[in-house]
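# Structural description and commentary
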Amino acid sequence: MVKRKELKDNDVEMSGTDPRVDGDDSDEEMDMVNVDFEWFDPQPAVDFHGLKNLLRQLFDTDAQIFDMSALADLILSQPLLGSTVKVDGNESDPYAFLTVLNLQEHKDKPVIKDLTAYLQRKANATPSLAPLAQLLSQTPIPPIGLLLTERLINMPAEVVPPMYTMLQEEIEWAIKDKEPYSFTHYLIVSKTYEEVESKLDAEESRPQKKKKKAAGGEKAERFFFHPEDEVLERHAVCVGPVEYTHKAEEGLSDAKRAFQDLGIVTKGSLILLEAGKLDGAVKDMTEYIKPPV
């Protein structure tokens, strides 16, 4: 039986670009439309391919390291935990999702073994992630809740706080039913990006660009794909960047020139929270990402 999730007093009504419309349209042609979003439990019968595509987007160039089919199946094996957001009803592909996986409970599954080893390597390589590296090196691994969430690029951030709120409720219900969802920490896998000089532009004005680069040695500014990450980081035990194992192909930064003149380079991001901090983080997130009036 399909369960459509009901939003309580924080019903979300949003205006924005329709996520079904390609985001490459010019500003002049972009219209604001009203879109009805629906929250559903993950549906094994219909969500596999859409979920797999969102997971590939989340892990970017390193998605090839993991068995994404197995990871999607694992998420869909717990259909009463987590949410998808859809526009065209339950039978359509999800445009956003949020779920949590218990790294301790699933430690013997090959995809979780690969994922845990990957996360440990990245944490060991980043000094700011030392607390995470220490946790992941323990035997047995602690009950860490791996939070995975992704959405299409033009989905509004306002769909996210309700997913976190519902996930918290579902975790509470699962714990009451003696299911293994009592966590010590939550680990959020996400992405950030930095703006870089466009190679296309550099070809047109190479001397000026070289001079500018020599003059400006400041550290590149980090931007969030997911605005809620800025809030989550304030509550975190530790935060750190992830350099992808598989580097992007030459010219990909220009291919990702999303709505701007500069190219962008993506990096992974890991955010570790103590379990008791999630509630406060979600409340702050809800306040930070308010639906437009």
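In this report, we go over the structure that sits alongside the text. Values in this document were obtained by computation on a predicted structure and should not be read as measured data.

## Observations regarding the packing of helix H1 (residues 48-59) against helix H2 (residues 68-76)
- Between H1 and H2, the least distance of the axes is 9 Å, while the angle of their chain directions is 120 degrees. In this view, H1 runs oblique relative to H2, as classed from their interaxial angle. As for how H1 packs across H2, the hand of that crossing is right-handed. On the side of H1, the interface is formed by Phe48, Leu51, Lys52, Leu55, Arg56 and Phe59, while H2 contributes Met68, Ser69, Leu71, Ala72, Asp73, Ile75 and Leu76.
- Across the contact of H1 with H2, the residue classes tally to nine nonpolar, one polar and three charged.

## Some remarks on the pattern of salt bridges
- Tallying each qualifying case throughout the model produces 10 salt bridges.
- Note that aspartate 60 and lysine 191 form a salt bridge whose closest N and O atoms lie 3.4 Å from each other. In this pair, aspartate 60 is assigned in the loop between H1 and H2 and lysine 191 in strand S8 (residues 185-196), connecting sequence segments 131 residues apart.
- When the shortest N-O distance is used, the salt bridge between glutamate 230 and arginine 234 registers 4.0 Å. Placement of both glutamate 230 and arginine 234 in helix H8 (residues 228-234) is noted, with a separation of four residues, approximately one turn of the helix.
- Residue classification places glutamate 230 among the partly exposed positions, given a relative accessible area of 31%.
- A relative accessible area of 55% means that arginine 234 is categorised as exposed.
- Where salt bridges share partners, they join Glu194, Glu243, Lys247 and Lys267 into one cluster.

Criteria and cut-off values
In every chain, residue numbers begin from 1 and rise along the written sequence. Local features in a predicted model are, by the rule used here, given only for residues with pLDDT of at least 70; side-chain atom pairs are given and counted only at 80 or more, and totals for whole chains, interfaces and linings are based on all residues. As a rule here, side-chain values cover all heavy atoms of the structure and leave hydrogens and water aside. Lines fitted to C-alpha atoms define the axes, with helix axes restricted to the stretch in contact, and inter-axis angles between N-to-C directions lie between 0 and 180 degrees. Put simply, DSSP marks the helices as runs of H or I at least four residues long and the strands as runs of E at least two long, and each gets a number from the N terminus on. Angular relationships are summarised with four words: roughly parallel below 35 degrees, roughly antiparallel beyond 145, roughly perpendicular across 65 to 115, and oblique for the angles in between. Put simply, a crossing is left-handed when the front helix is turned counterclockwise from the back one by less than a right angle, and right-handed when it is turned clockwise. Contacts are assigned to residue pairs that have any heavy atoms within 4.5 Å of one another. Three residue categories are used. Nonpolar comprises Ala, Val, Leu, Ile, Met, Phe, Trp, Tyr, Cys and Pro, charged comprises Asp, Glu, Lys and Arg, and polar comprises the others, including Gly. Criterion for a salt bridge: a side-chain nitrogen of Lys or Arg within 4 Å of a carboxyl oxygen of Asp or Glu. Three exposure classes are used, based on accessible area relative to the maximum for each residue type with a 1.4 Å probe and protein chains only: buried under 20%, partly exposed in between, and exposed over 50%.

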